[in-house]
Amino acid sequence: MRRTVFNEDHEAFRETIRDFIEAEVVPVYDEWFAAGQAPRDFYYKLGKLGIFGINVPEEFGGAGMESHKFEAVLYEETARAGVQFGGSGVHVLLALPYIKMLATDEQKKRYLPKFATGEEMWAIAMTEPGTGSDLAGMKTTAKLSEDGTHYVLNGAKTFITGGVHADKVIVCARTAAPTAEDRRHGISLFAVDTESEGYSVGRKLDKLGLRTSDTAELAFVDVKVPVDDLLGEENKGFSYLGHNLASERWGIAFGAYAQAKAAVRFAKQYVQERTVFGKPVAHFQNTKFELAACQAEVDAAEAVADRATEALDAGELTPAEAASAKLFCTEVAHRVIDRCLQLHGGYGYMNEYPIARLYADNRVNRIYGGTSEIMKTIIAKDMGL
């Protein structure tokens, strides 16, 4: 089936990214994997290549694009090569929409030029120890000083992707107590400088997958945040968080589809090269049937991912549609990658093979951005159930 989601510009971008990955990432990726993170200077290379500025307005040093299709190409090409760009995904997919949506003109002038170049890497800190997905239960506080010049931030966050290398972090904190009618009231968002006194990075978390993506615990002890770094209006943070969930879930859905597609590629190559009983593994009917079934699932996931991409670019992707795309694509990827690993036999369990890393990386897709169970709840509610 011929795809129509990408044009010549996207394909030219794909060639550039593929060459960049082969030259700058593949030769050193094993080192990143062993270290548990990509080096900080790699993000300067991404900035120089223009990756971070694609969706940044031109007046702030970016390309001014409003499309997510270039991000989609990145998902496909990194998955195809069996690599990741460290924790940089959250910089663009999660942090940038909040800056564009909430920052004042003055804030954008301060934030976006260095965002686009990679001089300042951004992360977002929502989750807290013990609260998980219950963001309304957060206990981190930001209290306005008596002279009204700054907020005093206290609390802790966990599972913060990009938290080790971040220069700025969008921190969600309570500026007012919840009300009896609305426990989500009183949350605000702040752009916090990680060089601030009282700000500290705790453990770099040891994850099952996404090994090159630095994920950390953060702590705030009387951190002074200037009032000029409040994003949006005070106490309206929870509504802001919900605004970008559709694009976040699209990213997870498209990334999962890309991983499934890559898994079939890895498995096909392996079974054609590996011989058992004097024949290539690809010769056996079971191998053909397994890969054919996987390919059919990938074709379906591709159609869902592409449709969601078009809807997102048109500003028409609803929360329920995003949930449906995430649920479907992540479940497909789970099944396909598992079957493709099985075709590798014992070698599929070895981290030197990309299918093993892909298996571990993929597992979180059904958890973060809202679990599969939460996605089903959203879809069911949209159905009137």
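Up top is the structure.
Residues numbered from 1 in each chain as written. Predicted model: local features only at pLDDT ≥ 70, side-chain atom pairs only at ≥ 80, totals over all residues. Heavy atoms only, no water.

Asks: An account of the overall build of the protein is needed here, citing residue identities and associated values.
Replies: Across its full length, the protein holds 12 helices and 10 strands. The globule rule puts the C-alpha radius of gyration for 385 residues at 21 Å, and the 21 Å found for the protein is close to it. When its C-alpha atoms are laid out on the principal axes, the protein stretches across 80 × 50 × 40 Å. Buried residues in the protein amount to 51% of all 385 residues. (Helix = DSSP H or I, 4+ residues; strand = E, 2+ residues; numbered from the N terminus. Rg over C-alpha atoms; globule rule 2.2 N^0.38 Å. Buried < 20%, exposed > 50% of the residue type's maximum accessible area, 1.4 Å probe, protein only.)

Asks: Any chance you could break down the pairing of strand β7 (residues 215-226) for me, citing the residues and the numbers?
Replies: The pairing of strand β3 (residues 150-161) with β7 spans nine bridges and is antiparallel. Bridge pairing in β7 links Lys157 to Leu218. Direction of pairing for strand β6 (residues 199-204) relative to β7: antiparallel, over a ladder of four bridges. Within the sheet, the bridge partner assigned to Ser200 lies in β7 and is Ala219. (Pairing = 2+ DSSP bridges.)

Asks: Describe the layout of surface pockets, with residues and values.
Replies: The space that makes up the second largest pocket amounts to roughly 480 Å³. Taken together, 18 residues form the lining of the second largest pocket, with His68, Pro97, Asn244, Ser247 and Leu312 sitting closest to its centre. Among the secondary structure elements, those contributing two or more residues to the lining of the second largest pocket are α5 (88-102) and α8 (245-273). Per-element tally for the lining of the second largest pocket: the top contributor is α5, with six residues. (1 Å grid on protein atoms, 1.4 Å probe; cavity = no way out; pocket = protein on both sides within 12 Å on 5 of 7 lines; lining within 4 Å. Points joined across faces, edges and corners; volume = space filled by probe spheres on them.)

Asks: Provide a residue-level description of the environment of Ile379, including the pertinent values.
Replies: Position of Ile379 among the secondary structure elements: in helix α12 (residues 372-382). Through-space distance from the C-alpha of Ile379 to that of Ser88 is 30 Å; in sequence the pair is 291 residues apart. When neighbours within four sequence positions are excluded, Ile379 is seen to be in contact with Ala320, Ala323, Ser324 and Leu327. (Contact = heavy atoms within 4.5 Å.)

Asks: How would you explain the pairing of strand β5 (residues 187-193) if you had to name every residue and give the values?
Replies: In terms of burial, β5 is largely enclosed, as six of its seven residues are buried. For strand β4 (residues 168-174) and β5, the ladder comprises seven bridges, and the chain directions are antiparallel. Each residue of the ladder has a partner; that of Ala173, found in β5, is Ser188. Relative to strand β8 (residues 230-231), β5 runs antiparallel, the two being bridged by two bridges. Note that in β8 the partner of Phe190 across the bridge is Leu230.

Asks: Would you mind going over empty space enclosed by the protein in detail, with residue names and values included?
Replies: Tallying each qualifying case throughout the model produces two cavities of 30 Å³ or more. Volume-wise, the largest cavity comes out at about 50 Å³. Taken together, Tyr43, Gly87, Ser88, Val90, His91, Met121, Trp122, Gly162, His165, Ala166 and Asp214 form the lining of the largest cavity. Taken as a whole, the second largest cavity encloses approximately 40 Å³ of empty space. Together, Ile51, Ile54, Asn55, Phe70, Glu71, Leu74 and Val92 line the second largest cavity. Broken down by element, the lining of the second largest cavity gets its largest block of residues, three residues, from helix α4 (residues 69-81). Across the lining of the second largest cavity, the residue classes tally to five nonpolar, one polar and one charged. (Nonpolar A, V, L, I, M, F, W, Y, C, P; charged D, E, K, R; others polar.)

Asks: Which residues make up α5, and what values do they have?
Replies: For α5, with 15 residues, the first-to-last C-alpha span of 21 Å sits near the 21 Å given by 1.5 Å per residue. Here α5 lies mainly inside the structure; 12 of its 15 residues are buried. (Expected span 1.5 Å × (residues − 1).)

Asks: Describe the pattern of salt bridges, with residues and values.
Replies: One pass over the structure, following the stated rule, counts 23 salt bridges. Measuring nitrogen to oxygen at the nearest pair gives 2.7 Å for the salt bridge that ties Arg3 to Asp306. Here the residue Arg3 occupies a position in the segment before α1 (8-25), and Asp306 occupies one in helix α9 (residues 285-313), the gap between them amounting to 303 residues. Its relative accessible area of 21% is what places Arg3 among the partly exposed residues. Of the charged contacts in the structure, one is a salt bridge between Glu297 and Arg335, with a shortest N-O distance of 2.6 Å. Here Glu297 is found in helix α9, whereas its partner Arg335 is found in helix α10 (residues 319-344), with 38 residues between them in sequence. A relative accessible area of 17% means that Glu297 is categorised as buried. Note on Arg335: relative accessible area 35%, which makes it partly exposed. Because the salt bridges share partners, they merge into one network encompassing Arg3, Glu11, Arg14, Arg18, Glu76, Glu77, Lys261, Glu302 and Asp306. (Salt bridge = Lys/Arg side-chain N within 4 Å of Asp/Glu carboxyl O.)

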